[in-house]
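Per-entry structural report
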Amino acid sequence: MGSEPITLTIRPAESGKKWSDESLERARRIMARYPEKRSAVMPLLYLAMAEDGRLTNGGMEQVAELVGITPAQVLAVASFYTMYKRERTGKYLISACTSISCMLTGGDDVFEAIELESGVPHGETDEEGLISVEHVECIGACGGAPAVQVNYELIEGVTPVKARELVRWLQQERPATINTDEMQRHFGGRRSFDWAVAEEASAVGPYPAFQPFGTVGGVGEGE
Amino acid sequence: MSRPLVVTRRMVDHPTDSHTLDRYQETGGYEMARRSLDMTRDEIVETVKSANLLGRGGAAFSAGLKWSFLAPDRPAYVVVNADESEPGTFKDRQLLERDPHQLIEGLIITSWANEANHAFIYIRGEYPKPARRVQQAVDEAYAAGYLGEGIFGTDFDLEVTVHLGGGAYICGEETAMINSLEGLRGEPRLKPPYFPAAKGLYMKPTIVNNVETICNVPHVLAMGAEDFKGIAHPEDTGTFLLSLSGHVNEPGNYELPHGLTWREIIYDVAGGIRDGNELKTWIPGGASAPWFVPSLHLDMPLTKQATADAGSMIGSGAVVVMDETTCVVRAALRLVRFFAHESCGECTPCREGAPWLEMMLTRIENGQGRPVDFDVILDVSDGISIGLEWPPKMTTICALGPSAVSPIISLRDHFGDEVVAHIEGGGCPFGRVEEEEVVA
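Each chain has its residues counted from 1, running along the sequence as written. Note on labels: chains are lettered from A, ligands numbered from 1, in written order. The model is predicted, so local features are restricted to residues of pLDDT at least 70 and side-chain atom pairs to those at 80 or more, both for listing and for counting; the totals for chains, interfaces and linings are taken over all residues. Side-chain measures here rest on the full set of heavy atoms in the structure, leaving out hydrogens and waters.

Moving on to the domain arrangement of chain A. Residues and elements named next belong to chain A. On domain assignment, one finds that chain A holds domain 1 (21–78) and domain 2 (92–217). The source of the domain bounds is an automatic or database domain assignment. Computed from C-alpha coordinates alone, the two centres of domain 1 and domain 2 are separated by 27 Å. Here, residues are in contact when the closest pair of their heavy atoms is within 4.5 Å. With 9 residues of domain 1 at the interface, the matching set in domain 2 holds 8 residues. When two parts are brought into contact, each loses some accessible area as probed by a 1.4 Å sphere; the total of that loss over both is the buried area. Summing both sides of the interface, domain 1 and domain 2 together bury roughly 710 Å²; the carbon and sulfur share of this comes to 72%. On the domain 1 side of the contact with domain 2, Arg-26, Tyr-46 and Ala-50 bury the most area, a combined 51% of that side's loss. Whenever a nitrogen or oxygen atom comes within 3.5 Å of another N or O atom, the pair is scored as a polar contact, on the condition that within protein one atom can donate a hydrogen and the other can accept it, and that pairs from neighbouring residues in sequence are kept only if both atoms are in side chains. On inspection of domain 1 and its partner domain 2, the count reaches 0 residue pairs in polar contact (both at pLDDT 80 or more). Strands are runs of DSSP state E lasting at least 2 residues, helices are runs of H or I lasting at least 4, and numbering of each runs from the N terminus. Broken down by secondary-structure element, the contributors of at least two residues to the side of domain 1 that touches domain 2 are α1 (21–31) and α2 (41–52). Broken down by element, the side of domain 1 that touches domain 2 gets its largest block of residues, 5 residues, from α2. Gly is put with the polar residues, along with every residue not named as nonpolar or charged; the nonpolar set is Ala, Val, Leu, Ile, Met, Phe, Trp, Tyr, Cys and Pro, and the charged set is Asp, Glu, Lys and Arg. Of the residues assigned to the side of domain 1 that touches domain 2, the class counts are 6 nonpolar, 1 polar and 2 charged.

So this is what it looks like as structure tokens:
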């Protein structure tokens, strides 16, 4: 401890820009929530994604500087977890579950419908940078299978027809924020359990919408 | 049929506002946390131990016994395992979204009993909505003086940090979760020496408990050990949440007493099989558990012991039901694929073995299987979990490796004919589209 972090550039940084003062302040508040700074690496990586739309080398260097480890150590963490997207990622990340319960109830057809309607295969992003598509392992919505998430906001009881409508809605309406209730109403069906309470918060990008990350948008915000 | 409800009582009675502090307090919430601070720590640990509250995360280990292992070194930490990712499981999501204060109250008592002044709630990253609800509840609890410095006017301090995972199933394993919380790759640690209760988070004594387990803690204290044990089954005490999914008419979470038979669970609770189809097989306790079949297990009670005696486990309470239209090779392949995808790469048998199983099952499902293939699959499986026994023998640091073998054991024990039909018939008799090729 105490030594200057080693600067190790793995590839040329795409993003030379430093974080906004707001993000830096948020990062400091997040670090204060942990007994040791390094524990804040994971939440800070989400801040880095919110800054650049995905996880850039510049973002990882910023996180390294904040917690006092090397960028290579940050990369080691980031590369372990699937939600830190280091490749180009669309404004909307569509994740279709194809694990056992969704597979049994038609999840493969839902995923295929999303691929065909968007023209984007698993793990890729359209040319415009609007939509990314992936099939994912269990997202804990088995009682409402098959399930899909957009920017990690959930829709349960999806059919191939509804999945195509969802893709077209994203392409045409380009909602500023992604709200789980709104999507469930238009494109969903059976749910795992009664959601009961209206969800005011919405996602603003392909990372979790969570108050401490500053990644929460409200209903009806934006266009 | 009326059933005792414990952890879902409030959300059933007050569906629209069970998550709010006002409703929580109006229904007696935080009373037990307040009272527990007047109890000695030993008293609480003893009560939880004698109530035989079993961990609801998968291992069904006595929570009180776990707490009694806490080493004397300080500071100690408590971690709530809300990294619910076992395929078929969605019960904790409901508890987090619909009654987050119940979790916080349980966490206060657990932290007090284990002399921890800092607790973490580790929620999987794909659960932003549950995480927002919990964070809101944590903020409310801080504002009310139930968390923070000198909670409830005592001199006990408790900080709670809500942490989001990054999409790795393995972080539900408690030592992997601890590494992840330290800002490291979520790879499990060797036990011994890294038993969390002795050398956990930052090498300090740490208690890791599942969401449902912690949610039960206030009720155990409020009811007392004897009444808690009296709910249903003398050995498997209290209730537990069963997540039912797959080909049943009424999938969902059900809070049930232990000891119902599978027939009651599948046909009464879950409303039977869709389209009047025949039941073919079911997974009794999450993707890691060997499957059950109607000819052997339908009238068996769902208890920890009966399930173990039959070569499986109650695990996380996730029941995935498959009807007669299901290709079991494909189902096994999908489960094996999950484990191959989620292997952290630390131990060779799991890192290399699970993808081999996936590749060979893909070949069989796609009609390129050879007669020797299933023997090769069993041989590779044996390299991951020697003898293919239950409970599994381990060649790996954690149980993920043997979990990948459970679907293979199920095929071997119950569906050998169907595997042969795939190989001899040159493809899937259910005539499904081809599975994605696996690239090594």
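Having seen it, we continue.
The next subject is the interface of chain B and chain A. Taken together, the 71 residues of chain B in the interface contact 58 residues of chain A. It is B:Arg93, B:Arg132 and B:Arg334 that lose the most area in chain B upon contact with chain A, and together they represent 15% of the buried surface on that side. Taking the shortest distance from any N to any O, the salt bridge between A:Asp108 and B:Arg334 comes out at 2.7 Å. There are 32 residue pairs in polar contact (both at pLDDT 80 or more) connecting chain B and chain A. Per-element tally for the side of chain B that touches chain A: the top contributor is helix α15 (residues 328–342) of chain B, with 8 residues. Across the side of chain B that touches chain A, the residue classes tally to 26 nonpolar, 26 polar and 19 charged. We define a salt bridge as a contact between a side-chain nitrogen of Lys or Arg and a carboxyl oxygen of Asp or Glu at a distance within 4 Å.

Only buried Ala, Val, Leu, Ile, Met, Phe, Trp, Tyr and Cys residues count toward a nonpolar core, and they belong to the same one when joined by side-chain atoms within 4.5 Å. For each residue, the accessible area found with a 1.4 Å probe, counting protein chains only, is set against the maximum for its type, and the residue is called buried under 20%, exposed over 50%, and partly exposed in between. Formed by 156 residues in total, the largest nonpolar core has its most connected members in A:Leu44, A:Leu45, B:Tyr30, B:Ile108, B:Ile121 and B:Ile123. Sort the elements by how many residues they give to this core and α15(B) lands first, with 10 residues. Residues A:Ala163, A:Leu166, A:Ile178 and A:Phe187 belong to the second largest nonpolar core, which totals 25 residues.

Turning to unusual backbone geometry, a few remarks are in order. In this structure, the amide linkage connecting B:Pro192 to the following residue, B:Pro193, adopts the cis form with an omega of 10 degrees. You can see B:Pro193 is positioned in the loop between α9 (174–181) and β4 (206–210). One non-glycine residue, A:Tyr152, lies in positive phi territory at about 70 degrees. Along the chain, A:Tyr152 turns up in the loop between β4 (147–150) and β5 (153–156). For A:Tyr152, a relative accessible area of 4% translates into the label buried.

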